[in-house]
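# Close look at the chain arrangement
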Amino acid sequence: CLFLCIYGTIDDLSTLLNSLLIIFRHLDDQDVFQTFYSKLLAKRIIHGQSRSEDWEDWMIGKMKEACGFEYTSKLSLMFTNIATSRELVAQFLQKNSRLPFDFSVLVLATNAWPLQPAATNFALPEMLLKVEQLFTSFYIRQYNGRKLNWLHQLSKGELRSRFHSIKNGYLFQVSGFQMGVLGMWEGEELDKEFTSEEIQSTTLLNDAAMRTTMLSLVKTTVLKIDPKPQGGVITKAHRFRLNPTFRSKKLRVLINIPITSKKEESTKIHNTIADDRKLLVQAAVVRVMKSRKRMAFAALISEVVVLLKTFRPKIVIIKRAIDTLIEKEYLGRCEEDQNMLVYIP
């Protein structure tokens, strides 16, 4: 999130980033920084929030100088991926210049981006589905044998409201899921009501996605809900309708607001990092033992600490990793000396 809050001259920006790099070089847990940085970088790129791709690339280059190629390889691959995607989309739009709406898509490589697959099914509105199928066919012709997995949970768009008295209505900036829900009122009467069960049946959203989507539309007062939910719980009997009295000082209204708190998201990331560290420590232990074949317990711990440069593992974590590898029969203890470990090929 570095570039979202920076104002001033180029010299000011350069000075600030160099100061940040000094702090970065003294971090003990550089793997934590890498995980958060990659997720925030992906978010900036996907949502078009980066102030300058040149400065993003400069920052990655500096981290590469400090930590090596492997540390920043996926970050660099993101930008290579984006350039290829832009060329591909330009070719598609050149061949399909009469689409019913403005369309853009990012084709991202699974091995480069810290993105999770969709946790729910989702039925696109028919108009969107036709364009998605058109692009999928185009892509398969371009890259025979590859497969596209659509991440609708990251998609977004704009909808023009026609149910308000103001001229031209409001322009709602919505998520893909919100678009699917609001699309159910297309061509319907203003006071048309849908139950939660009807909306879920049409959109195919699971309970968790359904809850966050509907609560965001209610929280921004685009939809009205009856009866009022208790504790944020939405049942199948809840009824929803458009809010004709919706008012905003802006004609372009952002209603794609997150319901999940940043604290919850941060906790999930830290849990993921903890799991990744366990595997990295085990891999480091195996690497050392495969080379040494036989080693004292204390010496092995010392070498593993030196080998893992992006974070400083606690001794107890290394001991647990060794115990796990002994259980899996990658390592064994010497019968004559229990403090001596041997590698089992």
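This text goes with the structure placed above it.
This report concerns the structure included in the present document. (Residues numbered from 1 in each chain as written. Predicted model: local features only at pLDDT ≥ 70, side-chain atom pairs only at ≥ 80, totals over all residues. Heavy atoms only, no water.)

### Some details on the environment of S38
In plain terms, the rule: Helix and strand definitions here come from DSSP, where helices need a minimum of 4 consecutive H or I residues and strands a minimum of 2 consecutive E residues; each element is numbered from the N-terminal end. Categorising residues by exposure relies on relative accessible area from a 1.4 Å probe, with only protein chains included: less than 20% of the type maximum marks a residue as buried, more than 50% marks it as exposed, and the intermediate range marks it as partly exposed. The contact criterion used is simple: two residues touch if any of their non-hydrogen atoms lie within 4.5 Å.
Structurally, S38 can be placed in helix 2 (residues 30–46). A relative accessible area of 13% places S38 in the buried class. Note: C-alpha distance between S38 and P244 (206 residues apart in sequence) is 41 Å. Apart from residues no more than four positions distant in its own chain, S38 is found in contact with L75, M78 and P114.

### Here we look at the packing of aromatic side chains
Inclusion rule: For this analysis, a ring pair means two rings from Phe, Tyr or Trp (six-membered ring only for Trp) whose centres lie within 6.5 Å, classed as stacked if their planes differ by under 30 degrees, edge-to-face if by over 60, and tilted for the remaining angles.
If you walk through the whole model with that rule in mind, you get 16 aromatic pairs. With a centroid separation of 5.0 Å and 80 degrees between ring planes, the pair formed by F92 and F135 is classed as edge-to-face. With F92 in helix 4 (residues 69–95) and F135 in helix 5 (residues 126–142), the pair connects residues that are 43 residues apart, well separated along the chain. The class of F92 is buried, set by a relative accessible area of 0%. Ring centres 6.1 Å apart and planes at 75 degrees place the aromatic pair F135 and W150 in the edge-to-face group. Of this pair, F135 sits in helix 5 while W150 sits in the loop between helix 5 and strand 1 (156–160), and the two are 15 residues apart along the sequence.

Without other data, these values stay purely geometric and don't point to any function.
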